[in-house]
Amino acid sequence: MKGAFAESSGTSASAVAESFAEDILIEILLRLPIKSLGRFKCVCKRWWSLISDRGFAKSHLERLKAGDIISSQRIFKTRPLETINYELLDGGIGGEDDRAVVKFHEPRMDDSSWPLELVGSCDGLVCLSVMGYSGFVLYNPTTKKCRNLPSSDHFRPDGFLFGFGYDSRSDDYKIVQSKGRNGFEDAQVVIFSLKSGSWRTTQAKLESHLCLYERGDGVYWKGALHWCGLDRSKEKAEDVIISFDLSEEKLQQLLRLPEVNGDISFEGLGVHGANLFVYHGSYKDCFQAWITSEYGKGGSWTKLYNFTTEGISGYSFWRKIPVAYTRSGKIVFQVDVYRTIMFNPEDNTYKDYPTQCRHDVESTIYMETLISPYLDYEPSRIYSLCTSGLGLNVLVLSFLFS
Amino acid sequence: MATSRKVTLLSSDGESFEVEQSVAVESITIKDSIEEGSAGNPIPVPKVNSKILAKVIEYCKKHVESAKAEDRVDDEDLVAWDADFVKVDQATLFDLIRAANFLNIKSLLDLTCQTVADMIKGKTPEEKRKTFTIRNDFTPEEEEEVRRENQWAFE
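Residues numbered from 1 in each chain as written. Chains lettered and ligands numbered in written order. Predicted model: local features only at pLDDT ≥ 70, side-chain atom pairs only at ≥ 80, totals over all residues. Heavy atoms only, no water.

Visitor: What's the story with the pattern of salt bridges in this structure? I'm lost.
Guide: This model, assessed by the stated rule, comprises 25 salt bridges over all chains. R54 of chain A is the partner of D171 of chain A in a salt bridge, and the nearest nitrogen-oxygen pair spans 3.2 Å. With a gap of 117 residues between them, D171 of chain A in the loop between strand 8 (161-167) and strand 9 (172-178) and R54 of chain A in helix 5 (residues 54-66) connect regions that are remote in the sequence. The exposure class assigned to D171 of chain A is buried, which follows from its relative accessible area of 18%. One network of salt bridges, with partners in common, ties together E27, R31 and R63 of chain A together with K106 and D110 of chain B. (Salt bridge = Lys/Arg side-chain N within 4 Å of Asp/Glu carboxyl O. Helix = DSSP H or I, 4+ residues; strand = E, 2+ residues; numbered from the N terminus. Buried < 20%, exposed > 50% of the residue type's maximum accessible area, 1.4 Å probe, protein only.)

As structure tokens, then:
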């Protein structure tokens with residue numbers, strides 16, 4: 001058996017477990033790939049406890065963000081639910097294509113009768129709303145931890161704007177809903193706090209000359225949700241970015257858009273690595289995009305992409321939404337709400353991901369993290385067994401994992 | 001001027017090592033005690049024996065030199081040197097980690113911890129299971145539960 005850990009060859013996980021003080025052990029564990037961490041939870045109670053700790057998950061997330069983000073990113077799509085390891089299609093190794101797409105069966109998230117709609121993705125948690133707004137689901141596609149959340153009392157079947165993101169000031173994840181049809185015009189915003197597990201209302205006024213370009217979910221970036229919008233205070237309507245700061249819980253207009261010539265209107269926002277990404281050309285044969293890494297009025301934009309997309313078969317008016325970017329510079333597009341493709345701007349070719357589609361697909365990127373939708377506590381029988389053994393004073397919640 | 005100043009480090013087993021101050025201060029622990037004026041002469045380094053201290057000094061010297069070099073040492077060359085540096089037996093590697101932690105030498109801690117992480121991250125679940133049955137303090141019932149909850153990591 002060519003094991004690297006046969007006792008004779010030396011370093012085994014248990015040897016490491018026994019040799020080190022906790023702070024050093026954590027330094028080692030933080031450098032392990034995420035599936036290894038999941039497996040190592042099964043080594044012994046001490047490691048189970050260390051790896052399950054929320055502080056550990058946060059440190060692990062920080063390291064991911066400081067390093068090579070792309071290797072830990074995947075795509076999450078709906079209808080039906082699938083995850084895509086999109087880099088696998090870029091590399092030309094035969095037989096990888098099928099492995100790139102993972103269909104998953106998650107009975108607690110059965111979306112055949114109650115379609116799930118994407119709200120947002122942050123720190124490895126994907127937030128979905130249940131059609132009919134009878135609730136929300138918070139899901140970590142890596143650890144498969146799933147949590148159902150109640151809907152707010154303010155129910156309105158159309159015109160809701162959503163967003164999901166992290167507020168560092170209160171160390172909390174929030175879901176934001178606006179009641180308005182087209183945006184925030186009636187200033188009523190309801191916010192769900194994951195920490196408190198409840199909804200509350202707040203006021204967030206958008207000045208009357210501003211409106212959102214399109215109803216849709218806000219893009220989470222640097223502690224705020226962002227939408228493309230229009231400023232109609234001047235003669236010619238100007239494209240702007242409108243942000244909802246999750247700490248301040250206020251609408252702001254801090255970011256300028258790139259200076260452009262010609263007939264360009266910014267159609268959508270996204271995230272590219274650690275940058276905010278804005279693009280134009282969803283409906284045309286050309287695609288242009290810019291990125292910025294800085295916040296505030298001093299931030300400058302860099303043009304990242306400018307290429308023709310004639311190579312994509314089909315009618316040119318089918319909408320192309322950029323979802324992810326590979327290390328080699330290829331772009332994953334969601335095309336005409338059915339297909340997901342990897343497009344090579346250098347030679348105008350593309351490959352299809354073998355995804356399934358029932359009807360309008362929505363996609364987002366997520367990171368593979370240990371962040372739990374339950375934050376600090378885990379509904380797990382093991383939790384009570386391990387933590388009581390270690391003498392920790394915790395409120396023991398033992399849910400049966402069905 | 002600071003670079004030509006030398007300090008003497010005393011290992012836990014009584015051996016003295018004379019090094020340039022610029023090399024010694026790669027260790028934040030030593031740097032702080034020098035700056036605070038609390039470092040003796042020689043500077044005692046408890047918990048780190050002569051074998052390990054010699055290795056640590058070798059690492060720090062290499063890294064200080066390559067940062068100063070007129071014709072900068074290629075990053076690739078330094079990475080290769082680092083990879084060779086950690087090709088030691090497990091006991092020595094573990095001792096290097098403890099020394100890097102105690103002496104607060106971040107780059108050495110990064111290198112050695114990453115090396116151990118790479119060694120244990122694992123191949124097949126079967127090999128993992130074989131390792132884990134040793135000194136496993138989960139009861140069979142607990143182990144089944146924890147495996148079930150973390151099935152995602154075995155797929």
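Structure's up, so let's keep going.
Visitor: Even after reading the chapter, I still don't get the pairing of strand 4 (residues 116-122) of chain A, so can you show me in this structure?
Guide: It is a general feature of regular strands that their side chains alternate between the two faces of the sheet. All names here are of chain A. Most of strand 4 is tucked away, with six of its seven residues classed as buried. In this structure, strand 4 lies alongside strand 5 (residues 125-130), joined through six bridges in antiparallel fashion. Bridging across to strand 5, C122 finds its partner in L125. Following strand 4, the chain reverses through two residues before pairing antiparallel with strand 5; D123 in that reversal takes a positive phi of roughly 55°. (Pairing = 2+ DSSP bridges.)

Visitor: Would you mind going over the packing of aromatic side chains with me for this structure?
Guide: Any pair of aromatic rings gets described here by the distance separating the centres and the angle formed by the planes. All names here are of chain A. Counting across every chain of the model gives 22 aromatic pairs over all chains. Plain terms: the ring middles of F192 and W199 are 5.3 Å apart, the flat faces sit at 55° to each other, and that makes the pair tilted. We note that F192, like W199, is buried. Taken together, a centroid distance of 6.3 Å and an interplanar angle of 65° make the contact between F277 and Y305 edge-to-face. Here Y305 lies in strand 20 (residues 302-308) and F277 lies in strand 18 (residues 275-280), a separation of 28 residues in the sequence. An identical accessibility class is assigned to F277 and Y305; each is buried. (Phe/Tyr/Trp six-rings, centres within 6.5 Å; stacked < 30°, edge-to-face > 60°.)

Visitor: Mind showing me how you'd approach the sheet that holds strand 24 (residues 349-352) of chain A here?
Guide: As a general point, the strands of a sheet are linked pairwise by backbone hydrogen bonds and lie either parallel or antiparallel. Residue and element names in this part refer to chain A. Taken together, the four strands give an open sheet; going across it, the order is 21-22-23-24, and neighbouring strands pair in antiparallel fashion. Whereas interior strands pair on both sides, the edge strands pair on one side only; in this sheet they are strand 21 (320-325) and strand 24. For this sheet the average axis-to-axis angle between neighbouring strands, irrespective of direction, equals 35°. Bridging between strand 21 and strand 22 (residues 331-335) involves five bridges; their strand directions are antiparallel. Paired with I321 across the two strands is Q334, which belongs to strand 22. (Axes fitted to C-alpha atoms, helices over the stretch in contact; angles between N-to-C directions.)

Visitor: Hey, could you run me through a negative patch on the surface in this one?
Guide: All names here are of chain A. A cluster of like negative charges, contributed by E22, D23, D53 and D376, occupies part of the molecular surface. On the secondary structure map, D53 appears in the loop between helix 4 (45-52) and helix 5. Look at D53 and you get partly exposed, because its relative accessible area is 43%. (Patch = residues over 30% accessible without salt bridge, like charges linked within 9 Å, V, L, I, M, F, W, Y side chains within 5 Å. Areas by Shrake-Rupley, 256 points an atom, 1.4 Å probe, with all protein chains shown as cover. Lys, Arg positive; Asp, Glu negative; His and termini not counted. Charge placed at Lys NZ, Arg CZ, Asp CG, Glu CD.)

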